[in-house]
Amino acid sequence: MELKVQYDCSNIDFQYITDTLKTVGMGYFDAITHKKAFENSYTVVFIFDNEKLIGFGRGISDGAYQAGIYDVAVIPEYQGKGIGKIIVDSILKTIPQCNVILYAAPGKDAFYEKLGFRRMKTGMALFLNSERMQEKGFTD
Ligand SMILES: CC(C)(COP(=O)(O)OP(=O)(O)OC[C@H]1O[C@@H](n2cnc3c(N)ncnc32)[C@H](O)[C@@H]1OP(=O)(O)O)[C@@H](O)C(=O)NCCC(=O)NCCS
């Protein structure tokens, strides 16, 4: 593998972002919506193996003391090779002064625990589609 980390949205095919999120079973939107979300984020991380985009993630932040991590995904054939860790570590490096929250997809908590994240006892969320988030196991 010849890995490259890109910290901006130049030349990103956002339809590929939509397709990848769909493929790995995560929530997804149309390409225009993902472009807006990534471009408006505090940090974006895209990982390439040579020219192939193999994983990505983004952080939103006030740049002072709070941040959140979203849309972390690695394409199936590259999972389990340390790429997810590189994505999260690369985002964290850009927000060292911040508390960071995220919601792990059900079953993926152990991945984040290995990276130092701890389960929140009083985490609360107001989801737009609360029924669907409950069905998917994100809320009680
Ligand atoms: C979850 C995901 C981002 C992890 O990325 P990855 O590249 O496969 O993970 P890594 O190889 O970097 O794993 C880092 C460590 O976490 C562990 N790990 C990874 N996925 C895990 C899981 N589902 N359960 C438990 N441990 C896991 C690895 O064993 C590794 O441990 P080690 O450092 O002791 O070797 C990736 O598998 C993925 O995109 N999955 C589908 C989408 C998804 O669920 N994203 C998360 C949304 S919250």
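In this text the structure is predicted, and so the values were computed from the model without any measurement. (Residues numbered from 1 in each chain as written. Predicted model: local features only at pLDDT ≥ 70, side-chain atom pairs only at ≥ 80, totals over all residues. Heavy atoms only, no water.)

Peer 1: Would you explain the packing of aromatic side chains in this entry?
Peer 2: The description of an aromatic ring pair rests on the distance of the ring centres and on the angle between the ring planes. This model, assessed by the stated rule, comprises nine aromatic pairs. Between Y70 and Y103, the ring centres sit 6.0 Å apart and the planes meet at 80°, which makes this aromatic pair edge-to-face. Within this pair, whereas Y70 is found in strand 4 (residues 66-74), its partner Y103 is found in the loop between strand 5 (99-101) and helix 4 (109-114), the two being separated by 33 residues in sequence. You can call Y70 partly exposed: its relative accessible area is 24%. Plain terms: the ring middles of Y112 and F117 are 5.7 Å apart, the flat faces sit at 80° to each other, and that makes the pair edge-to-face. Residue Y112 is classed as buried on the basis of its relative accessible area of 10%. Using a relative accessible area of 14% as the deciding quantity, one classes F117 as buried. The rings of F14, F38, F46 and F56 are connected pair by pair, giving a single aromatic cluster. Here the basic side chain of K4 rests over the ring of F48, its NZ or CZ set 4.9 Å away from the ring centre. The residue whose ring lies beneath R58 is F38, and the NZ or CZ to ring-centre distance is 5.6 Å. (Phe/Tyr/Trp six-rings, centres within 6.5 Å; stacked < 30°, edge-to-face > 60°. Helix = DSSP H or I, 4+ residues; strand = E, 2+ residues; numbered from the N terminus. Buried < 20%, exposed > 50% of the residue type's maximum accessible area, 1.4 Å probe, protein only. Lys NZ or Arg CZ within 6 Å of the ring centre and 35° of its normal.)

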